Amino acid sequence: MDTVDRLSIIEDLRLLMASYVRYADNQRWQDLTELFTEDGTFTPHKPDGSVWLHMEGREQIAATIGASGGPGVTLVHHLFSDEIDVDSATSAHGVWSMEDIVTRPDDAPVTEDLPFRVMHGFGHYHARFVRTAAGWRIAELKQTRVRLDFTA
């Protein structure tokens, strides 16, 4: 693979992840899940390294992360400092530094599953990508956390 092909793939993957965070911020869950392969996975972790959730397949991803949004919820995601490795013309992997803020309405109940009104998180997205007939898709996405701040 020549340098231009490699750089073209890297730019495609940057745009894919930019779409991911834009769709999340706008709560466009169906569009977001179309960025995954049919059997794609998404696994967010807690700062201690334990798994917070594990989702398999587009339907489960849409239903689970879609439940975190809703009326009055504001989502803000930022991606920084990508490190992308192109493994072949059809596979790649990468890591993005990330920050996210989730703000729930003032009257939202604080529960064991949602122990906050405002969450401010820092960490990394670790992604594995495959090229499909529809273009590049996320086959596996893992979110690790360095820090999570909650305001009740």
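None of the values given here were measured: they were computed from a predicted structure.

**Overview of the overall build of the protein**
Okay, so step 1: What the protein contains, in helices and strands, is three helices and six strands.
Okay, so step 2: The N-to-C order of helical and strand elements in the protein reads α-α-β-β-α-β-β-β-β.
Okay, so step 3: Rg of the C-alpha trace for the protein: 16 Å, near the compact-globule value of 15 Å for 152 residues, within the 12% margin.
Okay, so step 4: Taken along its principal axes, the extent of the C-alpha atoms in the protein is 55 × 30 × 25 Å.
Okay, so step 5: With the model as given, the accessible surface of the protein reaches about 8,200 Å², and the carbon-plus-sulfur share is 51%.
Okay, so step 6: For the protein, the separation between the mean place of its 14 positive charges and that of its 24 negative charges on side chains is 2 Å.

**Points about the pattern of salt bridges**
Okay, so step 1: For the structure shown, the criterion picks out nine salt bridges.
Okay, so step 2: With a closest N to O distance of 2.7 Å, Asp100 and Arg145 form a salt bridge. Residue Asp100 is located in strand β4 (residues 91-103), and its partner Arg145 is located in strand β6 (residues 135-151); the two are separated by 45 residues in the primary sequence.
Okay, so step 3: Salt-bridge contacts for Arg117 lead to Asp106; the nearest nitrogen and oxygen are separated by 3.2 Å.

**Concerning helix α1 (residues 3-25)**
Okay, so step 1: Helix length check: α1, at 23 residues, gives a terminal C-alpha distance of 33 Å against a target of 33 Å (1.5 Å per residue), a fit within 8%.
Okay, so step 2: Listing the buried residues of α1 in full gives Ile9, Ile10, Leu13, Leu16, Met17, Ser19, Tyr20, Val21, Tyr23 and Ala24.
Okay, so step 3: Tucked inside the fold, the buried residues of α1 contact α2 (29-33), β1 (36-44), β3 (74-88), β4, β5 (118-132) and β6.
Okay, so step 4: Looking at where α1 begins, the residue whose side-chain oxygen comes 3.2 Å from the main-chain nitrogen of Val4 is Asp2.
Okay, so step 5: In the segment just after α1, Gln27 is the residue with positive phi, at about 55°.

**Some points on the nonpolar core**
Okay, so step 1: Within the largest apolar cluster, 33 residues are counted, with the highest numbers of intra-cluster contacts made by Tyr20, Leu32, Phe42, Phe129, Ile138 and Leu141.
Okay, so step 2: For this core, the elements supplying multiple residues, two or more each, are α1, α2, β1, α3 (57-66), β3, β4, β5 and β6.
Okay, so step 3: A total of nine residues in this core trace back to one element, the largest contributor, which is α1.
Okay, so step 4: Beyond its immediate stretch of four places on either side in the chain, Ile138 contacts Leu16, Met17, Tyr20, Leu35, Phe36, Thr37, Gly40, Arg128 and Phe129.

**Some thoughts on unusual backbone geometry**
Comment: phi is negative for the bulk of residues other than glycine, and the bulk of peptide bonds are trans.
Okay, so step 1: The phi torsion at Gln27 lies on the positive side, around 55°, for a residue other than glycine.
Okay, so step 2: Here Gln27 lies in the loop between α1 and α2.
Okay, so step 3: Although it is not a glycine, Ser81 sits at a positive phi angle of roughly 45°.
Okay, so step 4: By secondary structure assignment, the location of Ser81 is in strand β3.

**Topic: α3**
Okay, so step 1: Taken together, the buried positions of α3 are occupied by Gly57, Arg58, Ile61, Ala62, Ile65 and Gly66.
Okay, so step 2: At its buried positions, α3 is contacted by α2, β1, β2 (55-56) and β6.

Conventions and cut-offs
Residues numbered from 1 in each chain as written. Predicted model: local features only at pLDDT ≥ 70, side-chain atom pairs only at ≥ 80, totals over all residues. Heavy atoms only, no water. Helix = DSSP H or I, 4+ residues; strand = E, 2+ residues; numbered from the N terminus. Rg over C-alpha atoms; globule rule 2.2 N^0.38 Å. Areas by Shrake-Rupley, 256 points an atom, 1.4 Å probe, with all protein chains shown as cover. Lys, Arg positive; Asp, Glu negative; His and termini not counted. Charge placed at Lys NZ, Arg CZ, Asp CG, Glu CD. Salt bridge = Lys/Arg side-chain N within 4 Å of Asp/Glu carboxyl O. Expected span 1.5 Å × (residues − 1). Buried < 20%, exposed > 50% of the residue type's maximum accessible area, 1.4 Å probe, protein only. Contact = heavy atoms within 4.5 Å. Polar contact = N/O pair within 3.5 Å; in protein donor to acceptor, adjacent residues only side chain to side chain. Core = buried A, V, L, I, M, F, W, Y, C linked by side-chain atoms within 4.5 Å.

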